[in-house]
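A look at the structure
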Amino acid sequence: MKPTALARRTSARTLLAAGLVAGLALATGCTKSEDDASSTPPASTQDGAGQVVASPGTASGPTCTIGAYGGRKTDLKSATVGFSQSEKEANPFRIAETASIKAEAKAQGVKLLTANAQSQFSKQISDVQDLIAKGADLLVIAPLNSDGWEPVLRTAAARHIPIVTIDRKINATACKDYVSFIGSDFVEQGKRAADQMIAATGGKGEIAILLGAAGNNVTTERTKGFEDRVKEKAPGLKIVFRQTGEFAREKGQSVTENLIQSKPGITGIYAENDEMGLGAVNALKGAGKKPGDVKIVTIDGTRNAVQGIVDGWISAVIESNPRFGPLAFQTLDTFTKGEKVGQDIVIKDSAYDKSNAQADLGKAY
């Protein structure tokens with residue numbers, strides 16, 4: 001994915017004006033069920049909360065068409081869409097992501113089949129195979145891992161089933177194995193997180209990285225962006241600790257507890273998602289630290305993390321917008337009509353710091 005300059009925040013009207021998504025719907029309800037499409041939560045609109053493409057149109061990068069991919073034109077409303085969620089519904093990002101897909105399917109009148117892999121990759125592979133067996137004509141996949149998708153890709157190719165991946169990429173060939181990837185520029189997110197850490201620490205001190213789960217492009221690229229920017233702009237800021245927190249709050253807390261013991265003078269913590277950052281906050285509280293003693297920068301944009309800025313425990317949060325429903329269905333609709341879609345559809349992400357966290361708390365998820 002090519003790095004893309006990301007804006008601070010653009011209203012949902014911009015997306016409408018660009019003609020990319022009509023009638024943006026975002027889901028704010030939280031549901032634990034992944035087995036029943038009828039449990040779609042009610043949708044509501046929220047100015048500035050919907051996804052906006054960083055570079056509207058198809059001229060900014062490689063595109064894909066039905067002719068190139070293989071398949072036939074179809075009416076989205078008459079198709080069955082299968083959605084595979086990767087992780088347990090304990091993470092607000094996944095809750096919002098699933099809710100957005102369900103809400104948009106309901107708004108579009110599209111039949112939706114859903115499955116949740118419960119953070120087990122082998123289950124996700126069998127889940128998608130099962131969605132295909134149940135009659136899914138189109139697939140939206142939030143991959144747990146980037147590798148290991150060959151069995152699904154072979155089955156989908158044999159049946160000419162278009163696949164759109166969201167949030168994470170799979171290591172395969174666009175417009176051959178899958179149609180499009182929709183998601184953030186994760187390298188850029190890491191760079192923006194580094195900028196916030198440099199500002200919070202004055203560019204000096206020792207910092208730790210709570211790495212995301214291994215085996216996916218999000219962790220790799222968020223790490224690269226952060227480390228490259230720190231090396232470039234703040235040579236006085238030393239990365240002295242790296243350990244995976246597996247994108248989980250409990251793991252982030254336990255890793256930070258160990259960090260405090262081994263590196264008591266730590267200046268800042270970069271958590272590659274909010275849940276790990278909130279775990280770090282719990283560890284710091286348990287160690288008797290005060291808000292701001294250790295600077296924390298995270299990525300996602302959950303309500304609890306943004307509240308952490310308001311409360312003084314977190315310095316900044318780089319948003320990673322999970323509301324994929326409208327853009328995912330618009331991409332499928334455009335593609336199945338025989339029109340071009342981008343192979344990489346990069347969205348804009350906002351950011352929160354002490355200047356806007358209180359005012360924009362309602363836009364968090």
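Residues numbered from 1 in each chain as written. Predicted model: local features only at pLDDT ≥ 70, side-chain atom pairs only at ≥ 80, totals over all residues. Heavy atoms only, no water.

The next point concerns the sheet that holds strand 6 (residues 138–141). Consider a sheet: its strands pair through backbone hydrogen bonds, and that pairing is either parallel or antiparallel. Spatially, the six strands line up as an open sheet ordered 5-4-6-7-8-15, and their pairing is parallel. Edge positions in the sheet fall to strand 5 (111–116) and strand 15 (344–346), since each of these pairs with one other strand and no more. If you compare each strand with its neighbour and ignore which way they point, the axes differ by 20° on average. Here helix 3 (residues 92–108) sits on the sheet and contacts strand 4 (80–85), strand 5, strand 6 and strand 7 (163–166); the angle it forms with strand 4, its principal contact strand, is near 175°. The sheet strands contacting helix 11 (residues 325–336) are strand 4, strand 5, strand 6, strand 7, strand 8 (180–183) and strand 15, and the helix crosses strand 8 at an angle near 160°. (Pairing = 2+ DSSP bridges. Helix = DSSP H or I, 4+ residues; strand = E, 2+ residues; numbered from the N terminus. Axes fitted to C-alpha atoms, helices over the stretch in contact; angles between N-to-C directions. Contact = heavy atoms within 4.5 Å.)

Our focus in this paragraph is helix 5 (residues 150–158). Inspection of helix 5 places Val152, Leu153 and Ala156 among the buried residues, and these make up the whole buried set. The buried residues of helix 5 all sit within an arc of 95° when viewed along its axis, so they share a single face. What points out from helix 5, more than 90 degrees from its buried face, is the exposed set Arg154 and Ala158. Against the buried residues of helix 5 lie helix 4 (121–133) and strand 7. Backbone geometry just after helix 5 places His160 at a positive phi near 55°. (Buried < 20%, exposed > 50% of the residue type's maximum accessible area, 1.4 Å probe, protein only. Arc of directions from axis to C-beta.)

With that settled, consider the packing of helix 3 against helix 11. Axis separation between helix 3 and helix 11 bottoms out at 8 Å; the angle between their running directions is 50°. As judged from the angle between their axes, helix 3 and helix 11 are oblique. Where helix 3 crosses over helix 11, the two elements pack in a sense that is right-handed. Here helix 3 contributes Ser100, Ile101, Glu104 and Ala105 to the contact with helix 11, which in turn contributes Gly325, Pro326, Ala328 and Phe329. Among the residues making up the contact of helix 3 with helix 11, the classes are represented as five nonpolar, two polar and one charged. (Parallel < 35°, antiparallel > 145°, perpendicular 65-115°, else oblique. Left-handed = near helix turned anticlockwise from the far one by under 90°. Nonpolar A, V, L, I, M, F, W, Y, C, P; charged D, E, K, R; others polar.)

What follows concerns the sheet that holds strand 11 (residues 268–271). Pairing is mixed in the open sheet, where six strands are placed in the order 10-9-11-12-13-16. The open sheet terminates on both sides in strands that have one partner only, identified here as strand 10 (237–244) and strand 16 (351–353). Pairs of neighbouring strands in the sheet enclose a mean axial angle of 15°, with direction left out of account. As defined by bridge partners, strand 12 (residues 295–300) adjoins strand 13 (residues 316–319) across four bridges and the pair is classed as parallel.

A positive phi angle, near 75°, is found at Asp167, a position not held by glycine. Within the secondary structure, Asp167 sits in the loop between strand 7 and strand 8. You can call Asp167 buried: its relative accessible area is 5%. In this structure, Phe247 is a non-glycine residue whose phi angle is positive, near 60°. Secondary-structure assignment places Phe247 in the loop between strand 10 and helix 8 (249–262).

This part takes up the packing of helix 8 against helix 9 (residues 274–286). The contact between helix 8 and helix 9 brings their axes to 7 Å, and the two run at 45°. Between helix 8 and helix 9, the crossing angle belongs to the class labelled oblique. Here the hand of the crossing between helix 8 and helix 9 comes out right-handed. Between helix 8 and helix 9, the residues in contact are Arg249, Gly252, Gln253, Thr256, Glu257 and Ile260 and Glu275, Met276, Leu278, Gly279, Ala280, Asn282, Ala283 and Leu284, respectively.

It is worth spelling out the pairing of strand 7 at this point. The alternating pattern of strand 7 places Ile163 and Thr165 on one face and Val164 and Ile166 on the opposite face, and all of these are buried. Across three bridges, the pairing between strand 6 and strand 7 is parallel. Looking at the pairing, Val140 lines up with Val164 of strand 7. The parallel pair strand 6 and strand 7, bridged by helix 5, forms a crossover whose chirality is right-handed. Of the strand pairs in this sheet, strand 7 and strand 8 are connected by three bridges, and their pairing is parallel. Each bridged residue has a counterpart across the sheet, and for Ile166 the counterpart in strand 8 is Ile182. (Right-handed = clockwise from strand over helix to strand, strands pointing away.)

With 84% of its residues at a pLDDT of 70 or more, the protein shows a mean pLDDT of 87. In this model, residues 1–48 is a region of pLDDT below 50 whose contacts with residues beyond four sequence positions or in other chains number 124 contacts. (pLDDT = per-residue confidence, 0-100.)

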